[in-house]
Amino acid sequence: MATIATLTQKADGNLEGTLATLNVTAPIVLVPNTRKAKDNEPDYRVISRKNAFELGAGWNRISKTTGEEYISVSLSAPEFGTIYGNVAPAPGEDPSKKVIIWNPAS
C-alpha cells in the first residue's frame, strides 16, 4: 500500500499536510465537520489549502480486526479521479504525525 499524503495533527483538530501522487502534489487540510447533522454525513471535509476547494470527505471508523479508530477518506478531482484511503499513524514516535494510505477499490 502506498502513502499518498503526510499530515500533522493540529491543536484545533485539523490535519494539515501534503497530498502527493505521481501526478499531483497539493497542500491539503482535513477539517472536522462541525455542522454534521446526520450519521451518514462526513466527520471531516478535505480542503485544498491552495484554492479552498473541497476535494473530499472523511469518516471516523473502527477497525474490525484491532478495534482502533481511524479515518476513512475519499478524495476526488479531475486530475486523479477518485482515490480512497485511510488515515494512519506515521512511522516514528510522534503521535501528531499521520499519513494517508491509499486503499485501492476492490
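Please read all numbers here as calculations on a predicted model, not as lab measurements. (Residues numbered from 1 in each chain as written. Predicted model: local features only at pLDDT ≥ 70, side-chain atom pairs only at ≥ 80, totals over all residues. Heavy atoms only, no water.)

Colleague: Help me get a handle on the overall build of the protein chain, residues and values and all.
Modeller: If you tally the helices and strands in the protein chain, you get zero helices and eight strands. Counting helices and strands in the order they occur from the N terminus, the protein chain gives β-β-β-β-β-β-β-β. Here the protein chain has a C-alpha radius of gyration of 13 Å; the compact-globule value for 106 residues is 13 Å, and the two agree. Taking the principal axes of the C-alpha coordinates as reference, the protein chain spans close to 35 × 35 × 35 Å. (Helix = DSSP H or I, 4+ residues; strand = E, 2+ residues; numbered from the N terminus. Rg over C-alpha atoms; globule rule 2.2 N^0.38 Å.)

Colleague: For the pattern of salt bridges, give the residues involved together with the corresponding values.
Modeller: A full pass over the atoms with the stated rule returns three salt bridges. A salt bridge links Glu16 to Arg49; its shortest N-O distance comes to 3.7 Å. Taken together, the residues Glu16 in strand β2 (residues 15-20) and Arg49 in the loop between β4 (44-48) and β5 (54-62) connect sequence positions 33 residues apart. With its nearest N and O atoms 2.6 Å apart, the salt bridge here joins Asp43 to Lys36. (Salt bridge = Lys/Arg side-chain N within 4 Å of Asp/Glu carboxyl O.)

Colleague: Can you tell me about the nonpolar core, naming the residues and giving the values?
Modeller: Counting residues in hydrophobic clusters, the biggest one holds 20 residues, and the most contacted among them are Leu19, Ile28, Leu30 and Ile100. Broken down by element, this core gets its largest block of residues, four residues, from strand β6 (residues 69-77). With sequence-adjacent residues up to four places away left out, Leu19 is seen in contact with Ile4, Ala5, Val24, Thr25, Ala26, Ile28, Leu75 and Phe80. (Core = buried A, V, L, I, M, F, W, Y, C linked by side-chain atoms within 4.5 Å. Buried < 20%, exposed > 50% of the residue type's maximum accessible area, 1.4 Å probe, protein only. Contact = heavy atoms within 4.5 Å.)

Colleague: Can you lay out the sheet that holds β2 for me, pointing to particular residues and giving the numbers?
Modeller: One closed barrel holds the eight strands; their spatial order is β1-β2-β3-β4-β5-β6-β7-β8, and the pairing between them is antiparallel. Put simply, the sheet's adjacent strands are angled 25° from each other on average, direction ignored. As paired strands, strand β7 (residues 81-89) and strand β8 (residues 97-102) are joined by five bridges and run antiparallel to one another. Across the sheet, residue Val87 finds its bridge partner in β8, namely Ile100. (Pairing = 2+ DSSP bridges. Axes fitted to C-alpha atoms, helices over the stretch in contact; angles between N-to-C directions.)

Colleague: Talk me through unusual backbone geometry; I want residue IDs and the actual numbers.
Modeller: Unusually for a residue other than glycine, Ala52 sits at a positive phi of about 65°. With respect to the helices, strands and loops of the structure, Ala52 is situated in the loop between β4 and β5.

Colleague: Give me the lowdown on the pairing of β7, citing residues and values where you can.
Modeller: A regular strand places its side chains on the two faces of the sheet in alternate fashion. Bridge count between β6 and β7: seven bridges; the pairing is antiparallel. For Leu75, the partnering residue across the bridge sits in β7 and is Ile83.

Colleague: Tell me about the pairing of strand β3 (residues 25-32), residues and numbers included.
Modeller: Where β2 meets β3, six bridges bridge the pair, whose relative direction is antiparallel. The partner of Leu19 across the bridge, within β3, is Ala26. The turn joining β2 and β3, which pair antiparallel and follow one another in sequence, is formed by four residues. Pairing of β3 with β4, which is carried by five bridges, proceeds in the antiparallel orientation. Across the sheet, Pro32 pairs through a bridge with Tyr44, a residue of β4.

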